[in-house]
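Single-letter residue listing:
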Amino acid sequence: MNVLSLFDGMSCGQIALERAGINVSKYYASEIDKCAITVTQANYPDTIQLGDVTAWCEWDIDWASIDLLIGGSPCQGFSFAGKQLAFDDPRSKLFFVYVDILNHIRSVNPDVKFMLENVKMKKEYLDVVSEHLEVEPVFIDSGESSPCARPRFYWANWNFTKPPHSDVDFISTVGNDFVEMSPGWHKWWIEKSNFQLRKAYSKICGPGDKGVCMTARQYASWNGNFIELRPDVFAKPNNKALARIVGAPSDYLEQARQRQAEELTGNGWTVDVIAHIFNSIESANENKTEI
């Protein structure tokens, strides 16, 4: 299978394909974040990096050979945590670039499979995405089967089910791989906890708890999931734990600093959810029902 991944990030899609047992001949990745590319190439050195997605017309690839197109177009314009600019946000407008590329591949390979991921959004935006892709989405919250919540919609032109439930929790996933917070963090938490909890931006996770959804801003405003080590002493997951939380190997983010790892995993996919979706791809003989 030849795969083209748009907005590839830290290449969680590549880990998922491997976990699903799908043999990949060529993996093309479109990404512009230097740290994400460094992490990807360290783990998958055969990845063919293509650069900026908006320059796709200049890519030197055999479009007819692409068997699978995947991607999670930038979500800032759709997210309820943002300004709700939707397709007026230049980042979320890149969805239409995904559509252009999909339609181009379809013109030379009508059998191409595709999968798109994006955040929870207003129905009016959801309907626009579904209309252009001609399939209905499936809603999956990663928290049902992984240590942290990640409510997302997935569009694909093959049938797949939701992953089975798992009780795996945040604390057991982190284990002893954490970074202790500074003494001032507890004071900040006392002052901001009501707001942080109400918005589900931050959480002090107890035994058996699932974490709140990790975001790319975990580094910027102390958003994220924390553990109380002892009275008034708190910690957050380090690079190894962050990798495991999204389903990657513990050493996957060795090339990233803590802040970079927090951003990459906040933007990344839950690997096991994607692998579960990919598990159905080889047995899919018909497209999903069109709308």
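Residues numbered from 1 in each chain as written. Predicted model: local features only at pLDDT ≥ 70, side-chain atom pairs only at ≥ 80, totals over all residues. Heavy atoms only, no water.

A. Molecular detail of the pairing of strand β11 (residues 233-237). For β11, the tally of buried residues reaches 5 of 5 residues, placing the bulk of the element in the interior. Pairing of strand β8 (residues 178-180) with β11, which is carried by 3 bridges, proceeds in the antiparallel orientation. Bridged to Glu180 within β11 is Ala235. Where strand β10 (residues 224-230) lies against β11, 3 bridges are found, and the strand directions are antiparallel. Opposite Arg230, over in β11, you have Val233 as the bridge partner. (Buried < 20%, exposed > 50% of the residue type's maximum accessible area, 1.4 Å probe, protein only. Helix = DSSP H or I, 4+ residues; strand = E, 2+ residues; numbered from the N terminus. Pairing = 2+ DSSP bridges.)

B. Broad picture of the sheet that holds β10. As summarised here, the arrangement of the 4 strands in space is β8-β11-β10-β9, forming an open sheet in which the pairing is mixed. Of all strands in the sheet, those with a lone pairing partner are β8 and β9 (202-204), marking the two edges. Geometrically, the sheet is characterised by an average inter-axis angle of 35° between neighbouring strands, direction not taken into account. Pairing between β9 and β10: 3 bridges, direction parallel. Within β10, the residue paired with Lys203 across the bridge is Asn225. (Axes fitted to C-alpha atoms, helices over the stretch in contact; angles between N-to-C directions.)

C. Representation of empty space enclosed by the protein within the structure. If you walk through the whole model with that rule in mind, you get 2 cavities of 30 Å³ or more. For the second largest cavity, the full set of lining residues is Ser142, Ser146, Cys148, Ala149, Arg150, Met214, Ile245, Val246 and Thr270. Looking at the lining of the second largest cavity residue by residue, the class counts come to 5 nonpolar, 3 polar and 1 charged. (1 Å grid on protein atoms, 1.4 Å probe; cavity = no way out; pocket = protein on both sides within 12 Å on 5 of 7 lines; lining within 4 Å. Points joined across faces, edges and corners; volume = space filled by probe spheres on them. Nonpolar A, V, L, I, M, F, W, Y, C, P; charged D, E, K, R; others polar.)

D. Geometry of the nonpolar core. The biggest cluster of nonpolar side chains holds 48 residues, and the ones touching the most others in it are Met115, Trp158, Tyr252, Leu253 and Phe278. Among the elements that line this core, the one with the most residues is helix α9 (residues 271-278), at 6 residues. Setting aside residues no more than four positions away along its own chain, Tyr252 makes contact with Met10, Ser11, Ile15, Val39, Thr40, Asn43, Tyr44 and Ala243. With 31 residues, the next largest nonpolar core counts Tyr28, Ile66, Ile101 and Leu133 among its residues. (Core = buried A, V, L, I, M, F, W, Y, C linked by side-chain atoms within 4.5 Å. Contact = heavy atoms within 4.5 Å.)

E. How the structure looks around the environment of Glu180. Tracing the backbone through its elements, the reader meets Glu180 in strand β8. Taking the C-alpha atoms as reference points, Glu180 and Ile227, 47 residues apart in sequence, are found 9.2 Å from one another. Look past the residues within four positions of Glu180 in its chain and what remains in contact with it is Leu229, Arg230, Val233, Phe234 and Ala235.

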